[in-house]
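Descriptive analysis of the structure
Now for the letters of each chain:
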Amino acid sequence: QVQLAESGGGLVQAGGSLRLSCAASGRTVSNYAMGWFRQAPGKEREFVASINDSGSVRYYSNSVTGRFTISRDNAKNTCYLRINSLKPEDTALYYCAADRRRPSASVRASEYDYWGQGTQVTVSS
């Protein structure tokens with residue numbers, strides 16, 4: 001059983017930066033693909049970024065590419081999402097997820113097995 005805990009969200013002005021963290025516990029996730037998703041009020045959960053087990057392959061949604069960076073530190077059993085040049089449209093609850101069944105990165109939420117409770121990111125204009 002894997003538990004994921006996100007942190008690092010907050011209220012920031014447009015153009016600012018944040019670093020979100022996802023700490024895994026209960027089991028090592030070093031051989032799991034990891035992903036970040038977000039959900040804005042009244043909208044469906046959407047893909048943001050994903051990373052394979054070794055960190056050599058990364059995927060990003062078109063809306064965040066160039067501004068967001070996903071990374072992982074397997075020694076610390078932690079995944080990160082650095083967000084630069086924040087826009088008001090980035091406001092959402094950000095979720096971390098882990099795929100225990102495959103090491104390859106995925107953009108599909110249905111392929112992930114474990115989810116955190118989310119951390120709120122709010123961007124003011």
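Structure: see above.
Because the structure is a prediction, the values reported are computed rather than measured. (Residues numbered from 1 in each chain as written. Predicted model: local features only at pLDDT ≥ 70, side-chain atom pairs only at ≥ 80, totals over all residues. Heavy atoms only, no water.)

Judged by which residues are buried, strand S1 (residues 3–7) turns out to be one-sided: Leu4 and Glu6 face inward and are buried, whereas Gln3, Ala5 and Ser7, on the alternate face, are not. Of the strand pairs in this sheet, S1 and strand S3 (residues 18–25) are connected by five bridges, and their pairing is antiparallel. Bridging from a neighbouring strand, Gln3 pairs with Ser25 of S3. (Buried < 20%, exposed > 50% of the residue type's maximum accessible area, 1.4 Å probe, protein only. Helix = DSSP H or I, 4+ residues; strand = E, 2+ residues; numbered from the N terminus. Pairing = 2+ DSSP bridges.)

With the rule as written, the count across this model stands at one disulfide. Between the sulfur atoms of Cys22 and its disulfide partner Cys96 the distance amounts to 2.0 Å. Between Cys22 and Cys96, the S-S torsion sits near -80°, and that sign places the bridge as left-handed. Of the two residues, Cys22 is situated in strand S3 and Cys96 in strand S9 (residues 92–99); the sequence distance between them amounts to 74 residues. Here Cys22 matches Cys96 in class, with each residue buried. (Disulfide = S-S within 2.5 Å.)

All told, the structure shown has one cavity of 30 Å³ or more when counted by the stated rule. Together, Val29, Met34, Arg72, Asp73, Asn74, Asn77, Thr78 and Cys79 line the largest cavity. Put simply, the parts of the chain that give the lining of the largest cavity at least two residues each are strand S7 (68–73) and strand S8 (78–83). Looking at side-chain class alone, the lining of the largest cavity contains three nonpolar, three polar and two charged residues. (1 Å grid on protein atoms, 1.4 Å probe; cavity = no way out; pocket = protein on both sides within 12 Å on 5 of 7 lines; lining within 4 Å. Points joined across faces, edges and corners; volume = space filled by probe spheres on them. Nonpolar A, V, L, I, M, F, W, Y, C, P; charged D, E, K, R; others polar.)

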